[in-house]
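Topology and contacts: notes
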Amino acid sequence: MSIKTNQNYKNLEKNYLFANIAKKVNAYSAAHPDQKIIRLGIGDVTLPLSKSVIEAMHKAVDEMSQQATFRGYAPECGYDFACKAIQKHYLERGVELALDEIFVSDGAKSDCGNITDIFGDNDILIPDPVYPVYMDSNIMCGRKTTLLKATQENGFLPMPDAIEEKKSYIIYICSPNNPTGAVYNKDQLKQWVDYANETESVIIFDSAYEKYIHGDYPHSIYEIEGSKTCAIEIDSLSKTAGFTGTRMGWTIVPHELICDGDELNPMWNRRQSTKFNGTAYIIQRAGEAALSEQGMKECEQSIAYYMENAKLIADVLTEKGIWFTGGISSPYIWLKCPNNMKSWEFFDYLLNELQIVGTPGAGFGSQGEGYFRLTAFGSREATKEAVERLRKAL
Ligand code: PLP
């Protein structure tokens, strides 16, 4: 075949982190079919969709069954009612957005990956460790990436003063952070916004875990003065409302954001209108319901349930003298592997000896080596059982 392929793919790790984990877990369970494995690895929710969401979906399904209310293609960038629900969600935090600055999507992962389409060949700044999609999607299009170390010493919150070469970058920020659970405060985010405006950088702010924030921290980058001239925000209902399998998210591109003389908002509109045919009507109605006052109350109940799981995990680690962080403004506990084990070594130990699946910190970047992520998204029963196994074994 003489067709050329994208050679940048050769620079990727062979498999996506969670595919590697699944392979190991499948091999273990095939060899030990009687063992009960507890999965606290992948960041997937377990509680069902809330009452308001289900009712809205049923209603929308009924509409689709009638000629008069049937809908075909959705507007590529979102129905007005969904954009209005998102607009109101931001307004409650004092953030004003125009409806055409809001782009409804099928989730944050797609948007995090697709946003590279509207940029040229820039230098990319990515914290390490972090959600792997930022790095992989930039490697796929051959961009030069620079890592910024997030360590125990800096509280897993790297700041602009750690940048070696002060210049213009596309800067990824994930707050609260996956996997470390670290969350930037207002002053820290202001420093990032000031850096971006000064150097003509663009921040891509991933706020997928904003609903887990406990305490006085910004939920949106737009709570920071000056951010509309330098930041895009990506959010989703996956972790907020249990939409991991339902799929709805959004990206905000403010009109004030101008790069190289080009307004990014119409470019993202053009990108989405060309390559995306909209999120399903039924799902956007579900999202609207999740964002309603009652819907948000229901989300908070589910989040409180997960955070009680986090506390159970945190308590056993404290009891055993194992260093950890997270579990307060995020559903993840980020722990230091006991006995100086490496991340994959601890993964193998937990799987083979305790039949618990977690996520090796090294899978989120080299600075994650020696650390490990446990999620609070399991059921209470499974979390309690995992905690008991840890209590006996560690
Ligand atoms: N951003 C972060 C930081 C995540 O951890 C995840 C999922 O785990 C996503 C985005 C993807 O979310 P979605 O389900 O909306 O694609």
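You'll find the structure just up there.
Okay, so let's go over this structure. (Residues numbered from 1 in each chain as written. Predicted model: local features only at pLDDT ≥ 70, side-chain atom pairs only at ≥ 80, totals over all residues. Heavy atoms only, no water.)

Re the nonpolar core
With 95 residues, the main nonpolar core has Trp 192 and Ile 203 as its most contacted residues. With ten residues, helix H10 (residues 293-319) is the largest single contributor of residues to this core. Here Trp 192 is in contact with Leu 125, Leu 148, Pro 158, Met 159, Pro 160, Ile 163, Ile 171, Ile 173, Tyr 184 and Ile 203, once residues within four sequence places are set aside. In terms of nonpolar packing, the next biggest core, distinct from the first, is built from 24 residues, Cys 77, Val 130, Tyr 172 and Trp 268 among them. (Core = buried A, V, L, I, M, F, W, Y, C linked by side-chain atoms within 4.5 Å. Buried < 20%, exposed > 50% of the residue type's maximum accessible area, 1.4 Å probe, protein only. Helix = DSSP H or I, 4+ residues; strand = E, 2+ residues; numbered from the N terminus. Contact = heavy atoms within 4.5 Å.)

Some details on the pairing of strand E5 (residues 170-174)
Here E5 lies mainly inside the structure; five of its five residues are buried. Here E5 shows a buried face lined by Ile 170, Tyr 172 and Cys 174 and a second buried face lined by Ile 171 and Ile 173. Pairing of E5 with strand E6 (residues 202-206), which is carried by five bridges, proceeds in the parallel orientation. Residue pairing for E6: Ile 173 is matched across the bridge by Phe 205. Between the parallel elements E5 and E6, the chain passes through helix H6 (residues 186-199) in a crossover that is right-handed. (Pairing = 2+ DSSP bridges. Right-handed = clockwise from strand over helix to strand, strands pointing away.)

Considerations on the site of the ligand
In the vicinity of the ligand, 14 residues are found, and the nearest of them are Asp 206, Tyr 209, Ser 236, Ser 238 and Lys 239. A distance of 2.6 Å separates a nitrogen atom of the ligand from a polar atom in the side chain of Asp 206. Separating an oxygen atom of the ligand from a side-chain N or O atom of Lys 239 is a distance of 2.7 Å. Computed on the free molecule, the ligand has an accessible area of 400 Å², of which 91% lies beneath the protein chains in the complex. (Near = heavy atom within 4 Å. Polar contact = N/O pair within 3.5 Å; in protein donor to acceptor, adjacent residues only side chain to side chain. Areas by Shrake-Rupley, 256 points an atom, 1.4 Å probe, with all protein chains shown as cover.)

Digging into the sheet that holds strand E14 (residues 359-360)
Strand order in this open sheet of four strands is E11-E12-E15-E14, and the pairing throughout is antiparallel. If you trace the sheet from one side to the other, it starts and ends with strand E11 (324-326) and E14, each paired once. Packed on one face of the sheet, H10 meets E11, strand E12 (332-336) and strand E15 (371-375) and runs near 15 degrees to E12. Against the sheet, helix H11 (residues 343-354) touches E12, E14 and E15, its axis set at about 45 degrees to E15. (Axes fitted to C-alpha atoms, helices over the stretch in contact; angles between N-to-C directions.)

Remarks on the sheet that holds E5
Strand order in this open sheet of seven strands is E2-E8-E7-E6-E5-E3-E4, and the pairing throughout is mixed. Both edges of this open sheet fall to strand E2 (102-105) and strand E4 (144-149), since each of them pairs with a single strand only. Ignoring strand direction, the axes of neighbouring strands in this sheet form an average angle of 20 degrees. Of the strand pairs in this sheet, strand E3 (residues 123-128) and E4 are connected by six bridges, and their pairing is parallel. Bridge assignment links Pro 127 to a residue of E4, and that residue is Leu 148. Relative to the sheet, helix H8 (residues 264-275) contacts E2, strand E7 (231-236) and strand E8 (249-252), its axis offset from that of E2 by approximately 25 degrees.

Digging into the pattern of salt bridges
Close approach of charged atoms lets side chains of opposite charge pair. In this structure the tally under the stated criterion is 17 salt bridges. The shortest N-O distance in the salt bridge between Glu 55 and Lys 51 comes to 3.1 Å. In this pair, Glu 55 and Lys 51 are both assigned in helix H2 (residues 51-64), four residues apart and thus about one turn of the helix distant. Assessed through its relative accessible area of 59%, Lys 51 is described here as exposed. Linked by salt bridges that have partners in common, Lys 36, Glu 385 and Arg 389 make up one network. (Salt bridge = Lys/Arg side-chain N within 4 Å of Asp/Glu carboxyl O.)

Regarding the environment of Tyr 212
Position of Tyr 212 relative to the elements: it lies in the loop between E6 and E7. Spatially, the C-alpha atom of Tyr 212 lies 34 Å from that of Arg 71, the residues being 141 residues apart in sequence. Contact partners of Tyr 212, with chain neighbours within four places excluded, come to Lys 239, Ile 303, Tyr 306, Met 307, Ile 328, Ser 329, Ser 330, Pro 331 and Phe 377.

Let's talk about the packing of aromatic side chains
Enumeration according to the criterion identifies 21 aromatic pairs in this entry. Relative to Tyr 281, the ring of Tyr 79 lies with its centre 5.3 Å away and its plane at 80 degrees, an arrangement referred to as edge-to-face. A residue pair is termed long-range when its members are at least 10 positions apart, and Tyr 79 in the loop between H2 and helix H3 (80-91) and Tyr 281 in helix H9 (residues 281-291) qualify at 202 residues. In this structure, Tyr 79 and Tyr 281 share a single accessibility class: buried. Relative to Phe 347, the ring of Trp 344 has its centre 5.1 Å away and its plane inclined at 65 degrees; by these criteria the two rings are edge-to-face. One end of the pair, Trp 344, and the other, Phe 347, are both in helix H11, three residues apart, so they sit about a helical turn from each other. (Phe/Tyr/Trp six-rings, centres within 6.5 Å; stacked < 30°, edge-to-face > 60°.)

Points about unusual backbone geometry
Most peptide bonds take the trans configuration, and most residues that are not glycine carry a negative phi. Ser 175 connects to Pro 176 through a cis peptide bond whose omega is -5 degrees. Of note, Pro 176 is situated in the loop between E5 and H6. Across the junction of Asn 178 and Pro 179, the peptide omega takes the value 20 degrees, indicating a cis bond. For Pro 179, the position within the fold is in the loop between E5 and H6. The backbone phi angle of Glu 200 is positive, close to 60 degrees, even though this residue is not glycine. Inspection of the secondary structure puts Glu 200 in the loop between H6 and E6.

Observations regarding the state of the cysteines
Tallied over the entire structure, the rule returns zero disulfides. The cysteine Cys 83 is free of any disulfide, with Cys 77 supplying the nearest cysteine sulfur at 7.9 Å. Cys 230 provides the cysteine sulfur closest to Cys 259, a residue in no disulfide bond, and the two sulfurs are 9.8 Å apart. (Disulfide = S-S within 2.5 Å.)

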